[in-house]
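# Understanding the architecture of this molecule
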Amino acid sequence: MKVNNDIFIKFYYCKMSAAAVLPSLPAKCPLPVQNIPKSTSASIEDQQGKLVAHCVLVQCTKGQAYLIIQQLDNSVAPKAVTLCVPDMDRPFDLKIKTISDTHPNRMHMPVYIQVHYNPEERCPLEHLVDLLAETVLGRHNFELRKNLTIDLFDSAANAAIRDGAGFIVTDRHRLQQISFGAKQARAVLAPTNEVLISPASDDPAELLQYDATLSTHQRADFLRFLMKECKNVLVAHWSSAKLAADALKIEKEKKKEKEGKGVNSEKEEVANTVAGYLIASGERVLCLYAENYKIADSLLAAHIDRNQQKGTEFKSL
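Conventions adopted
- Residues numbered from 1 in each chain as written.
- Predicted model: local features only at pLDDT ≥ 70, side-chain atom pairs only at ≥ 80, totals over all residues.
- Heavy atoms only, no water.
- Buried < 20%, exposed > 50% of the residue type's maximum accessible area, 1.4 Å probe, protein only.
- Helix = DSSP H or I, 4+ residues; strand = E, 2+ residues; numbered from the N terminus.
- Pairing = 2+ DSSP bridges.
- Phe/Tyr/Trp six-rings, centres within 6.5 Å; stacked < 30°, edge-to-face > 60°.

You'll find the protein entered in an unreviewed UniProt entry as MPN domain-containing protein, with Globodera pallida given as the organism.

Printed below as a string of structure tokens:
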């Protein structure tokens, strides 16, 4: 099994220097990015009309956004380019005007110029991030309030983005992108009888309610997008035996309450029947949430059995 470590990198928006090593694109979205809720995309074409760079910025809050580098041509990525807007009605569709192998030397200029000044000659990625950040997040306090998040491989290939981004704050979480054979994985999975696995219904309300317990962020719109685009959505529900046991436990707790003190509102509610879910696009599992490891095994095993895949790639987005 080959494992590539990801590092979840959060950086405050600043200037990216010229790329000495070309970056890889581990966070490339397998779905149509133009349909992602609250997203804005920008692209660059070369002088022959070929698409050489495409980035998408998904706004999370007023001052925070998630960056997706969807495409970046290695032949153009490290070069200094100037851009033009052929059609003013389409300000996010840019085209290369001039291209150079060398970048302006600003090392001996004042610090403000080095950090905050935007020269006309910049890397394509710098142009796109500048445009998207200013459009989506605005410009406040020398841009220090802008907070962008990007997923990068912890490798030399991404050092230019990681180290040249400005103020770096590395998250404690280390994500992993793992590829493995479905047959080998299925052999070691241990499904549980506590849950029943079935395709998600057309009504996403139950799944959205469960997902709201997993994160403090409002992800309902994005989850609807995933369910619409992927189709392959499995949900784990607690079995009737498990629900009956929980109901009996709640009833016993109610009886223990002293008369006149009322009942805790949490104890009055029957536990949510959803115990986890899985969303996949082809052979890629995009997200997998479960109450415990056995339920996660059950979801992944059901996914493999239903699709009879030759191989499955797991990636958490």
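### Notes on the pairing of strand S4 (residues 64-72)
By the criterion of burial, S4 is predominantly enclosed, with seven of the nine residues buried. Where strand S3 (residues 51-59) lies against S4, seven bridges are found, and the strand directions are antiparallel. Following the sheet pairing, Cys-55 is matched in S4 by Ile-69. The turn joining S3 and S4, which pair antiparallel and follow one another in sequence, is formed by four residues. Across three bridges, the pairing between S4 and strand S7 (residues 147-153) is parallel. Looking at the pairing, Tyr-66 lines up with Thr-149 of S7.

### A short note on the packing of aromatic side chains
Applying the stated rule across the entire model yields three aromatic pairs. Plain terms: the ring middles of Tyr-210 and Tyr-277 are 6.3 Å apart, the flat faces sit at 80° to each other, and that makes the pair edge-to-face. Taken together, the residues Tyr-210 in helix H5 (residues 205-211) and Tyr-277 in strand S12 (residues 274-281) connect sequence positions 67 residues apart. Residues Tyr-210 and Tyr-277 agree in their burial class; the two are buried. Measuring from centroid to centroid gives 5.7 Å for Phe-222 and Phe-225, while their planes differ by 35°, and the two rings are tilted. Taken together, the residues span about one helical turn, with Phe-222 and Phe-225 both in helix H6 (residues 220-230) at a distance of three residues. Judged by its relative accessible area of 34%, Phe-222 falls in the partly exposed class. On the accessibility criterion, Phe-225 (5% relative accessible area) is buried. Ring pairing ties together the aromatic residues Tyr-210, Tyr-277 and Tyr-289, which thus form one cluster.

### Observations concerning the environment of Gln-218
Mapped onto the elements of the fold, Gln-218 is located in the loop between H5 and H6. Relative accessible area serves as the criterion here: at 69%, Gln-218 is assigned to the exposed category.

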